[in-house]
Amino acid sequence: DAGITQSPRHKVTETGTPVTLRCHQTENHRYMYWYRQDPGHGLRLIHYSYGVKDTDKGEVSDGYSVSRSKTEDFLLTLESATSSQTSVYFCAIKGGLFTYNEQFFGPGTRLTVL
Amino acid sequence: RKEVEQDPGPFNVPEGATVAFNCTYSNSASQSFFWYRQDCRKEPKLLMSVYSSGNEDGRFTAQLNRASQYISLLIRDSKLSDSATYLCVVAGYGQNFVFGPGTRLSVLP
């Protein structure tokens with residue numbers, strides 16, 4: 001258990017509304033990531049963070065923003081949700097007790113945009 | 001060509017069978033390699049890292065062939081609980097972790 005939680009776990013929203021997903025970790029990991037997973041695709045990186053207030057874009061960052069004001073929290077915001085953003089969103093951290101390069105995932109958030 | 005490709009699957013095998021999954025990657029500068037398993041509607045979980053010399057963990061054996069840019073996972077004596085989707089992951093320098101689309105395994109009684 002890597003001590004990662006995500007909230008909410010499920011959300012249904014309407015097109016055009018802003019949505020914020022939260023990832024919380026308890027083990028002081030420096031690196032945190034947001035991925036989305038869709039049928040027919042592998043997990044795709046949206047944004048990642050390498051420290052407080054340090055973030056960078058991933059492969060599919062358009063329409064998403066992130067913030068990290070504390071080590072333990074990494075927020076993903078859909079500024080104006082679209083149906084194409086219906087997906088499962090996973091947060092991940094990098095590193096563990098005996099590792100430095102493996103990623104460990106939170107339980108995911110299922111988002112439906114109507 | 002996709003950066004990471006895997007056997008399309010699904011694989012349906014009887015309990016006790018040996019099954020092998022293959023994964024190829026296109027970036028020769030890749031540094032780290034992993035296998036994850038993902039159960040239906042759950043998060044991916046690390047199964048094992050893959051080292052150049054190959055490594056084994058119980059019934060699971062992973063091998064890496066850098067010259068051919070290919071990674072394999074062998075599962076011996078399959079159990080019902082091995083049913084899942086297996087994801088191949090390749091990482092380069094920085095934060096570029098690339099996930100394959102996964103291969104689904106069903107172990108049948």
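So, how was this worked out
- Each chain carries its own residue numbering, running from 1 in the written order of its sequence.
- Going through the entries in the order they are written, you letter the chains from A and number the ligands from 1.
- Only residues with pLDDT of at least 70 are given local features in this predicted model, and only at 80 or more are side-chain atom pairs given and counted; all residues enter the totals for whole chains, interfaces and linings.
- As a convention, hydrogens and water are excluded, and side-chain values are obtained from all of the structure's heavy atoms.
- Remark: nonpolar core denotes a set of buried residues (Ala, Val, Leu, Ile, Met, Phe, Trp, Tyr, Cys) joined through side-chain atoms within 4.5 Å.
- For each residue, the accessible area found with a 1.4 Å probe, counting protein chains only, is set against the maximum for its type, and the residue is called buried under 20%, exposed over 50%, and partly exposed in between.
- Only DSSP runs of H or I with at least four residues qualify as helices, and only runs of E with at least two residues qualify as strands; both kinds are numbered from the N terminus onward.
- Here, two residues are considered to be in contact whenever any of their heavy atoms come within 4.5 Å of each other.
- Whether two aromatic rings pair depends on their centres lying within 6.5 Å, for rings of Phe, Tyr and Trp, where Trp uses its six-membered ring; planes under 30 degrees apart make the pair stacked, over 60 edge-to-face, and the rest tilted.
- In this scheme, strands are said to pair when DSSP sees at least two bridges between them.
- Where helices are involved, their axes are fitted lines through C-alpha atoms of the stretch in contact, as for all axes, and angles between N-to-C directions lie from 0 to 180°.
- Any Lys or Arg side-chain nitrogen found within 4 Å of a carboxyl oxygen on Asp or Glu counts as a salt bridge.

(A) Looking closely at the nonpolar core. All names here are of chain B. Ranked by size, the top nonpolar core spans 24 residues in total, and within it Phe-21, Trp-35, Ile-71, Leu-73, Ile-75, Tyr-86 and Leu-105 carry the most contacts. The set of elements that each furnish at least two residues to this core consists of β3 (19-25), β4 (32-38), β5 (44-50), β7 (60-65), β8 (70-75), β9 (84-91) and β11 (103-108). With residues near it in sequence (within four places) discarded, Leu-105 still touches Phe-11, Val-13, Val-19, Phe-21, Ile-75, Asp-82, Ser-83, Ala-84 and Tyr-86.

(B) Quick look at the packing of aromatic side chains. According to the stated counting rule, one finds 16 aromatic pairs over all chains in the structure shown. Between Tyr-35 of chain A and Phe-99 of chain B, the aromatic rings sit 5.3 Å apart at their centres with planes inclined by 75°, giving edge-to-face as the arrangement. A residue pair is termed interchain when its members come from two chains, as with Tyr-35 of chain A in strand β4 (residues 32-37) and Phe-99 of chain B in strand β10 (residues 97-99). Phe-99 of chain B matches Tyr-35 of chain A in its accessibility class, with the two residues each being buried. Taking the centre distance of 6.4 Å and the plane angle of 90° together, the rings of Phe-90 of chain A and Phe-105 of chain A count as edge-to-face. Taken as a pair, Phe-90 of chain A in strand β9 (residues 87-94) and Phe-105 of chain A in strand β10 (residues 103-105) lie far apart in primary sequence, 15 residues in all. For Phe-90 of chain A, a relative accessible area of 2% corresponds to the buried category.

(C) Inspection of the sheet that holds β3 of chain B at higher detail. Residues and elements named next belong to chain B. Taken in spatial order, the five strands line up as β1-β3-β8-β7-β6 in an open sheet, and their pairing is antiparallel. The open sheet has two edge strands, β1 (4-6) and β6 (55-57), and neither has a second partner. Each neighbouring strand pair of the sheet contributes to a mean axis angle of 15°, computed without reference to strand direction. In this sheet, β3 lies alongside β1 in antiparallel orientation, the contact comprising three bridges. The residue of β3 that forms the bridge with Glu-5 is Thr-24.

(D) The arrangement of unusual backbone geometry in detail. Following Ser-7 of chain A, the chain continues into Pro-8 of chain A via a peptide bond in cis, with omega recorded as -10°. Mapping Pro-8 of chain A onto the fold places it in the loop between β1 (4-7) and β2 (10-13). In this chain, Gly-9 of chain B is followed by Pro-10 of chain B through a cis amide linkage whose omega measures -5°. Position of Pro-10 of chain B relative to the elements: it lies in the loop between β1 and β2 (11-14).

(E) Spotlight on the pattern of salt bridges. One pass over the structure, following the stated rule, counts eight salt bridges over all chains. Residue Arg-36 of chain A pairs with Asp-38 of chain A through a salt bridge whose shortest N-O separation is 2.8 Å. The residues Arg-36 of chain A and Asp-38 of chain A share a single accessibility class, namely buried. The closest approach of N and O atoms between Arg-37 of chain B and Asp-39 of chain B, which form a salt bridge, is 2.6 Å. The exposure class assigned to Asp-39 of chain B is partly exposed, which follows from its relative accessible area of 31%. Each member of the salt-bridge network shares a partner with another, and the members are Arg-22, Lys-70 and Asp-73 of chain A.

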